Amino acid sequence: EPPHTGRLALYLLGLKATCPSVSPHRSLVTWLKYYLEEDWKGSRRHGHPITSYYQYGLGVLALCVHHKRVREEVIRRLLTAQHHRRLGHGGNTVDTEAVLALAFTCLERRRLVGTGLAAELRAAAHEASRNVAEAQGPDGIIGNIYSTPWALQVFLATGTCQTEPAFGQAMAALLENLEAFRTAATMAQVLPVLHGHSYLDIASMHCQEEPGGSWGQRDCGQRWCHHRGGWVSPVPWWLLADTLTPLDVEPLAEVLGNKTVQLVVECPLPWCYELRLYDRPVPVPATASLLDVLQAAAALKPRDFKFHTQDTPQGPFLTEVLGLEARQEKRNYWQLLTAPNTPLQMGIADYRPQDGETLILRLSEW
């Protein structure tokens, strides 16, 4: 079983943000340091961490937010990976670039490294910020809708939000797609941005204040970015509720009827000799999600179509199709696309295809 680097890092960030009255996290920080070393053992065989540079960067960020020094060797592993452009995952490196930029900025600002290394980290963070901005599409989304909050955190943390044109465009795109953030994990990425904060601000929270600390309305207003004549924070009230649950929200109107979705499964070399393994129309109800389409295909002809998913904090994750399992050690995953070649911006449980749309499940390398 791979190290739980990213999961423990996110847990420690969340724990720090809750302002616990006691410090139950000392042993957890020690475990995170251990995971960082265990994770790097994978580089001796594969040339990269057992998990990913994204998770490895999260680990460094979490240690910094907890005011813990990180060995220079650990930091340079990330610097080297960024310098040699080894961060890729399916062509989208925004999440990883953003996490590294936050980690580098934190280490420099908290003065947890020497002067020389601090200068390198500052330059690397600005390079990552530029790379993130260049990944913005014409719709304002940076990478995909779920990596956009990470990109916005970078602009906020590095102080470029008022001068970076990508910020306002990305914020507008984010506000138009808030329905994509339905799980606790994805809400945790987007809520700080809607308040004008990044994860770096957790390190300087004043926990002796009223509940909410420096995340409260009283303090965060000065940190918002000015855009089109006003401060950017048109936050839907239901996202700011204590329970993160809509109250008195009108139910979605029932949509009657059916639709047909063309489902395609592709497996290129070196994993398969035949590219297209499955290509059939699947009739489903009009409101069906991609997950519903997969389940309908499996019910139609169980011998011809089978799939498996894994539950994650972000929702179900597609792990196996037609007996072909995407494995981390093989550096492959099931990419979701709408024909001809457009990656989906949502997960299988959230995306609702249109009638006549062609959906492609493609085994891809990262």
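Residues numbered from 1 in each chain as written. Predicted model: local features only at pLDDT ≥ 70, side-chain atom pairs only at ≥ 80, totals over all residues. Heavy atoms only, no water.

If you look the chain up in an unreviewed UniProt entry, it shows as Transcobalamin-2 from Chloropsis cyanopogon. Recorded under Sequence similarities (unreviewed entry), the UniProt text for the chain is reproduced unchanged: "Belongs to the eukaryotic cobalamin transport proteins family." (UniProt positions renumbered as here; feature names shortened; annotations may be inferred.)

Enquirer: Kindly report on the state of the cysteines, identifying the contributing residues and their values.
Expert: Applying the stated criterion to the full structure yields 1 disulfide. Note on cysteine connectivity: C64 is disulfide-linked to C106, with sulfurs 2.0 Å apart. Since a negative S-S torsion denotes a left-handed disulfide, the C64-C106 link at about -100 degrees is left-handed. With C64 in helix α4 (residues 53-65) and C106 in helix α6 (residues 94-109), this pair connects stretches of sequence that are 42 residues apart. Taken individually, C64 and C106 each receive the classification buried, so the pair is uniform in this respect. (Disulfide = S-S within 2.5 Å. Helix = DSSP H or I, 4+ residues; strand = E, 2+ residues; numbered from the N terminus. Buried < 20%, exposed > 50% of the residue type's maximum accessible area, 1.4 Å probe, protein only.)

Enquirer: Give a description of the nonpolar core that names residues and reports values.
Expert: Core analysis: the biggest nonpolar cluster contains 51 residues, and L61, I75, F104, L107 and L121 have the highest contact counts within it. Put simply, the parts of the chain that give this core at least two residues each are α1 (5-17), α2 (26-40), α4, α5 (72-83), α6, α7 (115-134) and α8 (148-157). In this view, F104 contacts L78, L79, Q82, L121, A124 and A125; residues no more than four positions away in its chain are not counted. By size, the runner-up hydrophobic cluster in this structure holds 29 residues, among which are V261, L291, A297 and V321. (Core = buried A, V, L, I, M, F, W, Y, C linked by side-chain atoms within 4.5 Å. Contact = heavy atoms within 4.5 Å.)

Enquirer: Can you lay out the sheet that holds strand β5 (residues 307-312) for me, pointing to particular residues and giving the numbers?
Expert: In space, the 3 strands of this open sheet follow the order β5-β6-β7, with antiparallel pairing throughout. With one partner strand each, in any of the chains shown, β5 and β7 (324-325) form the two edges of the open sheet. As defined by bridge partners, strand β6 (residues 315-321) adjoins β7 across 2 bridges and the pair is classed as antiparallel. Looking across to β7, one finds that V321 is bridged to L324. (Pairing = 2+ DSSP bridges.)

Enquirer: Account for the packing of helix α9 (residues 165-176) against helix α10 (residues 184-194), naming residues and giving values.
Expert: The interhelical angle for the contact between α9 and α10, taken along N-to-C directions, is 125 degrees, at an axis separation of 12 Å. Here α9 is positioned oblique relative to α10, judged by the angle of their axes. Like other packed secondary-structure pairs, α9 and α10 cross with a definite hand, here left-handed. From α9, M171, L174 and L175 reach across to α10, where they touch V190, V193 and L194. Taken together, the residues that form the contact of α9 with α10 break down as 6 nonpolar, no polar and no charged. (Axes fitted to C-alpha atoms, helices over the stretch in contact; angles between N-to-C directions. Parallel < 35°, antiparallel > 145°, perpendicular 65-115°, else oblique. Left-handed = near helix turned anticlockwise from the far one by under 90°. Nonpolar A, V, L, I, M, F, W, Y, C, P; charged D, E, K, R; others polar.)

Enquirer: Summarise the packing of aromatic side chains; cite the residues concerned and give the values.
Expert: Across all of its chains, the model carries 11 aromatic pairs by this definition. Aromatic side chains W31 and Y34 sit 5.5 Å apart centroid to centroid with 85 degrees between the ring planes, which places their arrangement in the edge-to-face category. With W31 and Y34 both in helix α2 and 3 residues apart, this pair spans about one turn of that helix. Relative accessible area serves as the criterion here: at 44%, W31 is assigned to the partly exposed category. Members of the aromatic cluster, each reached through a chain of ring pairs, are W31, Y34 and Y35. (Phe/Tyr/Trp six-rings, centres within 6.5 Å; stacked < 30°, edge-to-face > 60°.)

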